[in-house]
Amino acid sequence: MSLAHLLLRHAQLTPERIAIFNGVELHATYGQWAARSAALAQRLQAAGLVPGDRLVLFMRNHPRYLEILWAAWWAGLVVVPVNAKLHVHEVEWIIGNAQARWAFVTADVAPETLGGLERQIDVESPDADALLEPLTHTAVPAPAERQPEDIAWLFYTSGTTGRPKGVMLTHRNLMTMGLTYFVDVDPVSPVDAIVYGAPMSHGAGIYAIPHLMAGARHVVPASGGVDPAELFALGRALGPLSTFAAPTIVKRLVDHAEEVGLSPQDAAQSFKTIVYGGAPMYAADIARALRVMGPRFVQIYGQGETPMVGTALSREQLSDTGHPRYQERMASVGVAQTPVQLRVSDEHGVDLPVGEIGEVLIKGDSVMAGYWRNPDATAAAIRDGWLFTGDVGCLDADGYLTLKDRSKDLIISGGSNIYPREVEEVLLTAPGVVEAAVVGASDSEWGEVVVAFVVAQPGASVNAHSLDQHCLEHIARFKRPKRYVLVDSLPKNNYGKVLKTELRRRLSGPQNESTA
Ligand code: AMP
């Protein structure tokens, strides 16, 4: 049993049912989707790819994303969907670490040749057309035999040491996530539709699984991007739609609804459900979203290591305005989802009493098998079957979890994770830079923005422009600092460790350093 069987099942039951839209254009029925995925699987196998081999997807959102994902699983392969915003060096590092053999790409995000691959295919090329062409003379192959604990998805998440780690997600993890959606997030029926308004390489793409399980429709915006006006229009044409969005995108949808004067009834026409998560949502923002767009929001908290499954704050809980603890609940991330146990512990893994702040631990069938070829990191993250999330929070007497802070110095800007160390390492290679420390500063649009404190050699001509140029050459655009502050020295403790709390404090107080 593997994720491929979900597609096979619907192709057998309802081959004529509409499955995928490219914008408002029909892209595939369930029968066509399965025929293309099975054909590609057969050709991948014929080319020598064997179950367990890794296949990279480095592309913008595209209707073929779904066909390739399921073709890979049909052939028993492990998919490695890569964030389309990564720098080519970062993608090549992932290709090398995963020892991936083939990659499917879109030309707008990938260079002509990525290093380390046997074959790279542009999904819009004649080669891709030929690979996806349904088989006419050969019998359609059955999905490759896979076990629930076999890896289906290798999800690269940024590591605190600057290098990403490959989270091994199994078929069981993703099946669990899919079935849980119906209980804790939203029931789905075949008339429903999901729109991919966030990168399919992350949570939004993973939500294809419950929507395929239910035989619902899948809508990929024609622009491949996130344009609120386009999403509302797609909703009017094909909706109401369900979608997953980071808080930054929810804010944009709400801004758009307000700007063009849409009522909650208009919003209901376009959107059935908006699932938000991945970064903190401020209570004032969700209150405004509910006011403008009506009760169509559900919050989830999870992480790559337990994808989309940690806690949920349901539509009903978000609508229960008369509850005496409604304000606290809105600021929480809700209660443990059905397949997991959740607790808050001290540094020794001992449970803390209600209200006390500690690390969030999660156990259940959604928790990853471990980090790819990194037993030390796996042993540190999973102890006695409990995932140590690195998130810090507290539980109330009813089991609602409130996140307080992230124990690591992760910056979340517009829903994307940025590890300061990665940016610091790049800044330190810029000519004239002596020291650099990167922190997040609160920002009403992005949640957080990256700010770099830089110490330059005396007399060196270091400025925001030169630093930005340097970052452009080495890291993804979204990781670049939005602000540079030149300082004579960095505040440090007795051990020489930079005091980031002090830097953050400076950013929230009056500034007396020069901004480059
Ligand atoms: P990722 O592994 O990229 O999915 O990032 C996961 C991290 O995002 C978690 O460990 C949390 O720190 C944060 N996160 C996820 N969901 C939420 C949420 N609903 N509210 C606040 N932070 C969240």
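Refer to the structure presented above.
First, a word on what this report is: a plain description of the structure on this page. (Residues numbered from 1 in each chain as written. Predicted model: local features only at pLDDT ≥ 70, side-chain atom pairs only at ≥ 80, totals over all residues. Heavy atoms only, no water.)

Looking at the site of the ligand
Then comes step 1: Taken together, the neighbourhood of the ligand is formed by 16 residues, with I300, Q303, G304, D391 and N417 sitting nearest.
Then comes step 2: At 3.0 Å from a nitrogen atom of the ligand is found a side-chain nitrogen or oxygen belonging to Q299.
Then comes step 3: Between a nitrogen atom of the ligand and a main-chain N or O atom of I300, the distance comes to 2.9 Å.
Then comes step 4: For the ligand, the protein covers 88% of the area, taking 500 Å² as the surface of the free molecule.
Then comes step 5: Taken together, the elements giving at least two residues each to the shell around the ligand come down to β13 (297–303) and β21 (401–406).
Then comes step 6: Of all the elements, β13 adds the most residues to the shell around the ligand, at five residues.
Then comes step 7: Here the residues of the shell around the ligand are counted per class, giving seven nonpolar, seven polar and two charged. (Near = heavy atom within 4 Å. Polar contact = N/O pair within 3.5 Å; in protein donor to acceptor, adjacent residues only side chain to side chain. Areas by Shrake-Rupley, 256 points an atom, 1.4 Å probe, with all protein chains shown as cover. Helix = DSSP H or I, 4+ residues; strand = E, 2+ residues; numbered from the N terminus. Nonpolar A, V, L, I, M, F, W, Y, C, P; charged D, E, K, R; others polar.)

A look at empty space enclosed by the protein
Then comes step 1: Considering all chains together, one arrives at two cavities of 30 Å³ or more under this definition.
Then comes step 2: Taken as a whole, the largest cavity spans an internal volume of roughly 40 Å³.
Then comes step 3: For the largest cavity, the full set of lining residues is P247, V250, K251, V254, M281, D285, R288 and A289.
Then comes step 4: Mapped by element, the contributors of at least two residues to the lining of the largest cavity are α10 (247–259) and α12 (283–293).
Then comes step 5: Tallying contributions element by element places α10 first for the lining of the largest cavity, with four residues.
Then comes step 6: Taken together, the residues of the lining of the largest cavity break down into five nonpolar, no polar and three charged. (1 Å grid on protein atoms, 1.4 Å probe; cavity = no way out; pocket = protein on both sides within 12 Å on 5 of 7 lines; lining within 4 Å. Points joined across faces, edges and corners; volume = space filled by probe spheres on them.)

Some thoughts on the packing of aromatic side chains
Then comes step 1: Taken as a whole and assessed by the stated rule, the structure comprises nine aromatic pairs.
Then comes step 2: With a centroid separation of 6.4 Å and an interplanar angle of 35 degrees, the aromatic rings of W73 and W153 are classed as tilted. Residue W73 is found in helix α3 (residues 63–74), and its partner W153 is found in strand β7 (residues 151–157); the two are separated by 80 residues along the sequence.
Then comes step 3: The exposure class assigned to W73 is buried, which follows from its relative accessible area of 1%. (Phe/Tyr/Trp six-rings, centres within 6.5 Å; stacked < 30°, edge-to-face > 60°. Buried < 20%, exposed > 50% of the residue type's maximum accessible area, 1.4 Å probe, protein only.)

Some details on unusual backbone geometry
Then comes step 1: Cis rather than trans, the peptide bond between G239 and P240 has omega equal to 5 degrees.
Then comes step 2: The phi dihedral of Q99 falls on the positive side, at around 50 degrees, and the residue is not glycine.
Then comes step 3: By the element assignment, Q99 lies in the loop between α4 (88–98) and β5 (102–105).

Some details on α10
Then comes step 1: Between its first and last C-alpha, α10 extends 18 Å over 13 residues, near the 18 Å set by a 1.5 Å rise per residue.
Then comes step 2: When α10 is considered as a whole, its buried residues turn out to be P247, T248, I249, V250, K251, L253, V254, H256 and A257.
Then comes step 3: Contacts made by the buried residues of α10 are with α9 (228–238), β11 (241–245), β12 (271–276), α12 and β13.
Then comes step 4: Looking one or two residues beyond α10, the residue adopting positive phi is G261, at roughly 70 degrees. (Expected span 1.5 Å × (residues − 1). Contact = heavy atoms within 4.5 Å.)

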